[in-house]
Amino acid sequence: MLKEEYYVIGVMSGTSLDGLDLVYAQFKRGSKWIFNIIHAETVSYNGFWIETLKGLVDKTTAELEAIDDDYTLFLAKKIQSFIKKHGITNLDAICSHGHTALHEPEKQFTYQIGNRAIISKLLNRKVVCDFRVQDVELGGQGAPLVPIGDKLLFSEYDFCLNLGGFSNISLDFEDKRIAYDICPVNIVLNYYINRLGFDYDDQGKIASMGSINKGLLVLLNQLEFYRLPPPKSLGLEWVKSNIFPLIEKYGMEVQDILHTFCEHIAIQLSKEINKKNNASVLVTGGGVYNTYLMERLQLYSTNKITVPDKTLIEFKEALIFAFLGVLKLRNEVNCLKSVTGALKNHSSGVIFYP
């Protein structure tokens, strides 16, 4: 008989390299799923891991496998510290996304490090992980995976918008859930602010001081990806081949790059959330703290934008990966073909036992 209540840890590492997000949450099944975030924290990456994770797409298979071993050990240590720090004893599973090393669904390939079977042995816990591979094998994009959580946990909103390394959105359309990546966000903004010695542009202050480059803005908005129908997803490889070369041609000051790219982001996001009138939009992810970007988005948007409390802003993705693990434990659908383009709905992920 299936349980109606679960206590799990969700673990998420995003492309923006903000750190490792850990959530200890309770999920209850009733007329609808409800959740409670009990503990949540972000473990910042040190310089070694930031540089290592930044360069994954340029590594050989052998180098990636060695990094995978080390990263799995690193994850296990951080998760164990989180369990000990918060005195967690009631735990059904650890549900981990790992960190995306390579994502090329058009080649039927995706690789997340940190999902080795040994992680379960090291932690002596049941682990649910590697959520993307099965979907790609079924012809899907393997991303985004959060929309099933949006549908079941945040159904009161018309749009769920996440601003992380990339922006993605999910919504109900013609009686089915759809979702897709919209454009890069922090993966580009942070890359350029790093040149000034900062990890991120605090509240978008530096972006706000820049000037717009109309020529660059036009070219960015004309990129072919934005004309493609969903399902569609983005990766660092796409940014390296499409965004960075375009920006570098102009030889601009950092503040002007940030100013122009924030405008680009706001235009692309608003195109999506303005497709429905009088809609409610839940916005989460680190990009919410970029006050300048949010002001530009609100300027272009015709709908009500809701920013939740700090915990949900920062930990919604980790929370939903915890939830994906719960659905996998129940052998229930946690990956929607309407979202990823896979051959069928399915229960994705691998369960490892100690």
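Residues numbered from 1 in each chain as written. Predicted model: local features only at pLDDT ≥ 70, side-chain atom pairs only at ≥ 80, totals over all residues. Heavy atoms only, no water.

Chemist: Just checking my understanding: could you explain the packing of aromatic side chains for this structure?
Modeler: Given two aromatic rings, one states the distance between the centres and the angle between the planes to describe the pair. As enumerated under the stated definition, the model contains 17 aromatic pairs in all. Residues Tyr 191 and Phe 244 carry aromatic rings whose centres are separated by 4.1 Å and whose planes lie at 20° to one another, so their mutual orientation is stacked. Linking Tyr 191 in helix 6 (residues 186–193) with Phe 244 in helix 9 (residues 236–248), this pair joins segments that are 53 residues apart in sequence. For Phe 244, a relative accessible area of 10% corresponds to the buried category. A connected cluster of aromatic rings, assembled from ring pairs, spans Tyr 45, Phe 48, Trp 49, Tyr 71 and Phe 74. For Lys 232, the ring lying beneath its charged end belongs to Phe 225, and the centroid distance is 4.5 Å. Lying over the aromatic face of Phe 154, Lys 316 brings its terminal NZ or CZ to 5.6 Å of the ring centre. (Phe/Tyr/Trp six-rings, centres within 6.5 Å; stacked < 30°, edge-to-face > 60°. Helix = DSSP H or I, 4+ residues; strand = E, 2+ residues; numbered from the N terminus. Buried < 20%, exposed > 50% of the residue type's maximum accessible area, 1.4 Å probe, protein only. Lys NZ or Arg CZ within 6 Å of the ring centre and 35° of its normal.)

Chemist: Honestly, the sheet that holds strand 4 (residues 93–96) in this entry has me stumped. Any pointers?
Modeler: Strand pairing in a sheet takes place through backbone hydrogen bonds and is either antiparallel or parallel in direction. Strand order in the open sheet formed by six strands is 3-2-1-4-7-13, with mixed pairing between adjacent strands. Pairing within the sheet leaves two strands with one partner each, and these edge strands are strand 3 (33–43) and strand 13 (350–352). Pairwise comparison of adjacent strand axes, ignoring direction, gives a mean angle of 20° for this sheet. In this sheet, strand 13 lies alongside strand 7 (residues 127–129) in antiparallel orientation, the contact comprising three bridges. Considered in strand 13, the bridge of Cys 129 is made with Val 350. Set on the sheet, helix 2 (residues 61–85) makes contact with strand 1 (5–13), strand 2 (20–29), strand 3 and strand 4; between it and strand 2 the angle comes to about 60°. (Pairing = 2+ DSSP bridges. Axes fitted to C-alpha atoms, helices over the stretch in contact; angles between N-to-C directions. Contact = heavy atoms within 4.5 Å.)

Chemist: It is not clear to me how the nonpolar core should be interpreted in this structure. Could you clarify?
Modeler: Nonpolar side chains tend to gather and get buried jointly when the protein is soluble and globular. Within the largest apolar cluster, 50 residues are counted, with the highest numbers of intra-cluster contacts made by Leu 161, Val 188 and Ile 243. No other element matches helix 10 (residues 254–273), which puts nine residues into this core. Grouped together as the second largest cluster of nonpolar side chains are 34 residues, Val 8, Ile 37, Ala 179 and Leu 319 included. (Core = buried A, V, L, I, M, F, W, Y, C linked by side-chain atoms within 4.5 Å.)

Chemist: Sorry, what's going on with the pattern of salt bridges here?
Modeler: Side chains bearing opposite charge may pair, as long as their charged atoms lie close to each other. Inspection of the entire model under this criterion finds 18 salt bridges. Taking the shortest distance from any N to any O, the salt bridge between Asp 172 and Lys 151 comes out at 3.4 Å. On the criterion of sequence distance, the pair formed by Asp 172 in strand 9 (residues 166–173) and Lys 151 in helix 5 (residues 147–153) is long-range, its members being 21 residues apart. A relative accessible area of 33% places Lys 151 in the partly exposed class. (Salt bridge = Lys/Arg side-chain N within 4 Å of Asp/Glu carboxyl O.)

Chemist: Would you mind showing me how to read empty space enclosed by the protein here?
Modeler: Sizing a probe to match a water molecule and rolling it over the atoms shows the empty space that remains. The tally for this structure, following the rule as stated, stands at two cavities of 30 Å³ or more. Empty space within the largest cavity amounts to approximately 40 Å³. Lining of the largest cavity is provided by Pro 144, Val 146, Pro 147, Asp 150, Cys 160, Leu 161, Asn 162, Asn 168, Ile 169, Ser 170 and Lys 316. Mapped by element, the contributors of at least two residues to the lining of the largest cavity are helix 5, strand 8 (159–163) and strand 9. For the lining of the largest cavity, the residue count by class is six nonpolar, three polar and two charged. There is about 40 Å³ of room inside the second largest cavity. Surrounding the second largest cavity, Pro 144, Leu 145, Pro 147, Ile 148, Asn 334, Cys 335, Leu 336, Val 339 and Thr 340 form its lining. Put simply, the parts of the chain that give the lining of the second largest cavity at least two residues each are helix 5 and helix 13 (337–340). Residues of the lining of the second largest cavity, tallied by class, amount to seven nonpolar, two polar and no charged. (1 Å grid on protein atoms, 1.4 Å probe; cavity = no way out; pocket = protein on both sides within 12 Å on 5 of 7 lines; lining within 4 Å. Points joined across faces, edges and corners; volume = space filled by probe spheres on them. Nonpolar A, V, L, I, M, F, W, Y, C, P; charged D, E, K, R; others polar.)

Functional significance is not addressed by these values, which are geometric in nature.
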